[in-house]
Amino acid sequence: MIAIIDIGSNSVRLMLWADGKTIFKRILTTRLGAGVENRCLAKPAMVRSAEAVSYFYHEAVKAGAEKVFAFATAAVRSAQNKDEFLRLVKETAGLNVDVVSGEEEARLAALGALGRGDGIVVDVGGASSEVICVRNGETVFAKSFPIGAVTLTEKSKDNGQNAERCVHEIFGALPCMAGKVYAVGGTATQLACLMLELREYDAERVHGYFIAKDALSGLKEKLFSLTVGERKKLIGMEESRADVIACGACILSEITKKLGADGICVSDCDNLEGYLYARGLV
């Protein structure tokens, strides 16, 4: 049994894997990428995240995990004080953290969603968004963009017009690409939950759910029209994502338009599964 811990900009996640399948996934929203000043992670956010890693480590060991791996993405790799955070995790959880690059993060998302297949994968995270295109087993495009649901919310003050201007500028050079588009990560799965009006998360219903381009744009507009309190009352909304989901939808909608796609296919399999493939653990 293997455990993988993903230290993201918005949340810390745990996946337990055995006998070729996911046993369970867990998530704790810690907002590691929030409140960054002068490219330094905020101390309270570091402590919250390190404690979440420690909690998941002990949960994994208690469940029978023989090996536990941890990796970190945009918030950590771009932070000037990342070494301080890595030491804190080591002291708190006893784990060494693998800090992945932007291109590697895109590759992990592709491996998780596609396995060894072809397609386009979009991963909207808390502090970055990745787009990768795989054709005939070869990566023909991979780029990490320095904006995510948390950072866009902070930059735009959760204002739709401000957010639209920002994403139009950041993703302006993203080329149109042919191929089926898969969306992974918390923004994509949260939007699927809202479309399906799921009161409890159901991976089987979320995985493979298609959101048409116009429906995605309409949901984005609806979310921006609501206050955070009103969003929390929506069926399917995870309360801890209510304040950043509109900007997450804005990023995903913009990328979908730039790619020239008719919509997105939501994948519950993401960089957690991708890390297993990339490190030769399965």
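Up top is the structure these notes are about.
Residues numbered from 1 in each chain as written. Predicted model: local features only at pLDDT ≥ 70, side-chain atom pairs only at ≥ 80, totals over all residues. Heavy atoms only, no water.

Of the volumes computed, that of the largest pocket is approximately 840 Å³. Forming the boundary of the largest pocket are 43 residues, of which Arg13, Ile27, Gly186, Thr189 and Arg241 lie nearest the centre. For the lining of the largest pocket, the elements supplying multiple residues, two or more each, are strand 2 (11–18), strand 3 (21–29), strand 6 (119–124), helix 7 (186–196) and helix 12 (271–278). The space that makes up the second largest pocket amounts to roughly 420 Å³. Along the wall of the second largest pocket there are 19 residues; nearest its centre are Val36, Ser78, Ala127, Pro146 and Thr151. Residue composition of the lining of the second largest pocket, grouped by class: 10 nonpolar, five polar and four charged. (1 Å grid on protein atoms, 1.4 Å probe; cavity = no way out; pocket = protein on both sides within 12 Å on 5 of 7 lines; lining within 4 Å. Points joined across faces, edges and corners; volume = space filled by probe spheres on them. Helix = DSSP H or I, 4+ residues; strand = E, 2+ residues; numbered from the N terminus. Nonpolar A, V, L, I, M, F, W, Y, C, P; charged D, E, K, R; others polar.)

Moving on to the sheet that holds strand 7 (residues 129–135). Here we have six strands laid out as an open sheet, ordered 8-7-6-9-11-10, and mixed in their pairing. Of all strands in the sheet, those with a lone pairing partner are strand 8 (138–145) and strand 10 (210–212), marking the two edges. Sheet twist, expressed as the average angle between the axes of neighbouring strands with direction ignored, equals 25°. Sheet analysis places strand 7 next to strand 8, joined by seven bridges and oriented antiparallel. Bridge assignment links valine 134 to a residue of strand 8, and that residue is threonine 139. (Pairing = 2+ DSSP bridges. Axes fitted to C-alpha atoms, helices over the stretch in contact; angles between N-to-C directions.)

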